[in-house]
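Breakdown of the fold
Each chain, written out:
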Amino acid sequence: MSTEPMGKILTTLTITNRADQSAASRGYIPADQVRSLTLNNVLVDTGTTTLCLPATTIAQLGLDLLREVDVSTATGLSKARIFQDAQLSLLGREGNFECLELPGGQNALLGVIPLEALGIELDLQNQTLKVLPETSVDTYLTIL
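This section reports on the structure supplied with the text. Residue positions are given per chain, counting from 1 as you read along its sequence in written order. Reporting in this predicted model follows two pLDDT cut-offs: at least 70 for local features of residues, and 80 or more for side-chain atom pairs to be given and counted; totals over whole chains, interfaces and linings ignore these cut-offs and use all residues. The side-chain numbers reported here are obtained from all heavy atoms of the structure, hydrogens and water having been left aside.

The next subject is the side chain of glutamine 87. Numbered from the N terminus, helices here are DSSP runs of H or I no shorter than four residues, and strands are runs of E no shorter than two. Its location among the elements puts glutamine 87 in strand β5 (residues 76–90). Residues adjacent in sequence count toward polar contacts only when both atoms are side-chain atoms; beyond that, a polar contact is any pair of N or O atoms within 3.5 Å, and within protein one must be able to donate a hydrogen and the other to accept it. For glutamine 87, the side chain forms a polar contact with the side chain of glutamine 21, separated by 2.8 Å. Within the local environment of glutamine 87, its side chain forms a polar contact with the side chain of glutamate 94, the two groups lying 3.0 Å apart. With residues up to four places along the chain from it excluded, the contact list for glutamine 87 reads Thr14, Ile15, Thr16, Arg18, Gln21, Glu94, Gly95 and Asn96. Any two residues having at least one pair of non-hydrogen atoms within 4.5 Å are treated as being in contact.

Here we come to the pairing of strand β8 (residues 120–123). Note on strand geometry: in a regular strand, side chains alternate between the two faces of the sheet. Here, strands pair whenever DSSP counts at least two bridges between them. Taken together, the 4 bridges between β8 and strand β9 (residues 128–131) define a ladder with antiparallel strand orientation. Bridge pairing in β9 links aspartate 123 to threonine 128.

Core analysis: the largest hydrophobic core is formed by 23 residues, its most contacted members being Leu13, Ile15, Leu53, Leu63, Leu90 and Leu110. The greatest single-element share of this core, amounting to 4 residues, is contributed by β5. To form a nonpolar core, buried Ala, Val, Leu, Ile, Met, Phe, Trp, Tyr and Cys residues must be joined to one another through side-chain atoms within 4.5 Å. When a residue's accessible area, from a 1.4 Å probe over protein chains only, is under 20% of the maximum for its type it is buried; when over 50% it is exposed; and in between it is partly exposed. Core analysis: the next-biggest nonpolar cluster, separate from the first, contains 8 residues, Val69, Val71, Ile82 and Leu102 among them.

Structure below.
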């Protein structure tokens with residue numbers, strides 16, 4: 001019998017500074033200076049809309065501030081900062097996303113927008129993530 005709470009999914013993901021990648025591809029910086037981190041035990045949170053990272057992780061990646069926004073949290077409305085150019089790699093899929101800065105030392109959270117954009121869904125019964133097909137008639141990509 002599992003000791004994990006039902007429906008809790010943790011994953012490993014890699015986040016790379018997309019601006020660094022672009023600079024390296026243009027020869028402005030060496031490839032070994034592209035900042036990237038692999039995060040373990042990231043909570044997949046269906047109550048969260050986007051990728052949320054602690055301030056220390058954002059600083060290590062050197063992500064650029066995009067804007068400040070109001071966010072709704074369990075404790076009410078507060079201000080948060082959004083950073084840009086986070087390339088997320090998860091289960092063989094990659095995409096570029098904004099990320100929300102988490103207050104304090106909170107752990108990273110992976111919200112529903114990146115999951116949907118990458119074609120990854122939750123399998124709560126088995127506590128895993130499922131990669132949806134991107135080929136054939138079963139593709140998750142649609143134009144309606």
